[in-house]
Amino acid sequence: MGKLLQLLLRNGGFMTFVLVEVLCFYIIIKYNEDQNAIFSHTATVFSGRFLDKRRQIADYLNLQQIADSLRAENIRINEELANARNIQVPYRDTFFIRNLDTLLLSDSLRRISVKPQFEFISARAVGNSISGANNWLIINKGSNDGITPNMGLVSRNGVVGIIRHVGSNFSMAMSVLHRQMRISVNLQRHHALGSLIWEGGDPALMTLKFVPHHFKVEKGDAVVTSGYSQLFPKDVLVGHVEEKPGSDPENPYFWIIKVRLNQDMASVNDLYVVNNIFYSELDSLNLKVKDE
Amino acid sequence: MNNSIFPNIWRFFGLVALQVLLLQQITLSIGPYFNILLYPLFILFLPIQLPAPYVVLLGSLIGMAVDFFYGTLGLHASAGAFSGFARSVILATFEPKGGFTGKEPIASPAHFGWRWYLQVASYFFVAHLFWYFSVMDFTFVYFTRITLKTLSGWGLTMIFVVLYSALFNPKN
């Protein structure tokens, strides 16, 4: 303390100068418009830089969390890949199977999986809307990344949309919250086929139609993709039945079922584009029967 | 010490009046590159023996007085405080052999001669004007403009400094 006092006394002129200048600059900035404008502009630039640095540091500190979630994602994808390998694909006249477990369980037919039917391309949402009557997503992958129209778009939590328009670096995907959206789904417990549509309004709820009355649908039943649309793999979770269904007024033989989406469409971020390798083949077959 | 108070008080009011009544009008009518700031002479003519903190405070005081008339609150006060601080550095640099004695109460040509006085005053006014124009533009983006204004303002100001010092030839 004594040394500090000595320092102040010895440099009294300088200390007084600094204190008076601080006061003067405060007065200048407060009462002079030009200097105030320059000061605020400079302060904005510097605080912008500061905030940017802080975000970088925060990102760095979150790396552990990101690594954890990526690890979980890897496990999930590995499992999915393993399952996909079990999709039995005709190879030659005779079928082979590579998986030992299934070989033991299998009948006399021997099958082999040549390649998985579905490929996943990771992407991020860079645009999303949920409030309109017809909503779209923009993702940061395009034809350069092997994306073509009519690929499915899923997230870790379920179905998100269908790719419609593809640029070289970005793509537009029709969100599930679009009135033209028709997703072919199953009620998992009954294997009951239905068609999932969005009638507008609540972005968390979709409507499942064309499930016949003889299925006893309960609240909480899981709704998964059927795999019939060729856009999505089979058994991707879409949502759960929201409440005990009522009859469809337009079509009295069927239920009208409210389904709560598993993926919150308001917080879509990490996505996977689903490439069905046999899409064109299956689609051309579909076209052949269209006119018959 | 007592006999040096009144001359300084007269100088304070006289220089502020001269600054805002005459010199400010000259600048306003000719243009921003013709700034004549004579009031810092008050700071230069404060007693040499006066401790530096007082010089800084009095410098900001006369600056504040000029600010009220210029409508630039804080600007001249900042420059005055700076030149008050710069004065102690300049005087220490130009200290005569044997140091300052009580015989020369103020740094004027009457005590030290014109050659010494003009050197000290030149550095002193360059420091004051440069600080003043820097704070006025408030950014060194306009460094060239600040330097040009300092040089042109300094040339004009020095003419008035010589006139004032020759006319009044202050001793206290």
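What counts as what
Residues numbered from 1 in each chain as written. Chains lettered and ligands numbered in written order. Predicted model: local features only at pLDDT ≥ 70, side-chain atom pairs only at ≥ 80, totals over all residues. Helix = DSSP H or I, 4+ residues; strand = E, 2+ residues; numbered from the N terminus. Buried ≥ 20, exposed ≤ 12 C-beta atoms within 10 Å, placed from the backbone. Contact = placed C-beta atoms within 7 Å. Axes fitted to C-alpha atoms, helices over the stretch in contact; angles between N-to-C directions. Parallel < 35°, antiparallel > 145°, perpendicular 65-115°, else oblique. Left-handed = near helix turned anticlockwise from the far one by under 90°. Nonpolar A, V, L, I, M, F, W, Y, C, P; charged D, E, K, R; others polar. Core = buried A, V, L, I, M, F, W, Y, C linked by C-beta atoms within 7 Å. pLDDT = per-residue confidence, 0-100.

**Looking at the overall build of chain A**
No. 1: What chain A contains, in helices and strands, is six helices and 13 strands.
No. 2: For chain A, the residues scored as buried account for 26% of the 292 residues in total.
No. 3: In chain A, 55% of the contacts between residues at least 6 apart in sequence involve partners at least 24 apart.

**A closer look at the overall build of chain B**
No. 1: When you go through chain B residue by residue, the secondary structure sums to seven helices and zero strands.
No. 2: Counting only residues that meet the buried cut, chain B has 41% of its 172 residues in that class.
No. 3: Long-range contacts, defined here as pairs at least 24 residues apart, represent 70% of the contacts in chain B between residues at least 6 apart.

**Considering the packing of helix α6 (residues 114–137) of chain B against helix α7 (residues 143–168) of chain B**
Residues and elements named next belong to chain B.
No. 1: At their nearest, the axes of α6 and α7 sit 9 Å apart, and the two run at 140° to each other. With respect to α7, the element α6 is oriented oblique. Both α6 and α7 take part in a crossing whose hand is right-handed. On α7, the residues touching Y117, A121, S122, F125, V126, L129, F130, F133, S134 and D137 of α6 are R145, I146, K149, T150, G153, W154, T157, M158, V161 and S165.
No. 2: Split into classes, the residues belonging to the contact of α6 with α7 amount to 11 nonpolar, six polar and three charged.

**Description of the nonpolar core**
No. 1: If you look at the biggest cluster of nonpolar residues, it comprises 47 residues, and the most contacted ones within it are A81, F82, F124, Y132 and V135 of chain B.
No. 2: Put simply, the parts of the chain that give this core at least two residues each are α2 (12–31) of chain A together with α1 (5–30), α2 (41–44), α3 (52–70), α4 (75–93), α6 and α7 of chain B.
No. 3: For this core, the leading source of residues is α6 of chain B, giving 13 residues.
No. 4: Once you skip the residues sitting within four places of it in the chain, F124 of chain B turns out to touch P40, L44, S83, A86, R87 and I90 of chain B.

**Focus on the interface of chain B and chain A**
For interface size, the figure often reported is the accessible area lost on association.
No. 1: Counting residues at the interface gives 19 residues for chain B and 17 residues for chain A.
No. 2: Residue assignment for the side of chain B that touches chain A shows that the elements contributing at least two residues are α3 and α4 of chain B.
No. 3: Looking at the side of chain B that touches chain A element by element, the count peaks at seven residues for α4 of chain B.
No. 4: Of the residues belonging to the side of chain B that touches chain A, the class tally is 13 nonpolar, six polar and no charged.

**Details of the confidence of the model for chain B**
If pLDDT is low for a region, its predicted coordinates should not be looked at in detail.
Residue and element names in this part refer to chain B.
No. 1: For chain B, the mean per-residue pLDDT works out to 90, and 99% of the residues sit at or above 70.
No. 2: Mean pLDDT per element in chain B: helix α5 (residues 109–112) is the minimum at 88, and α2 is the maximum at 94.
No. 3: Predicted as a complex, the structure gets a pTM of 0.51 and an ipTM equal to 0.89.

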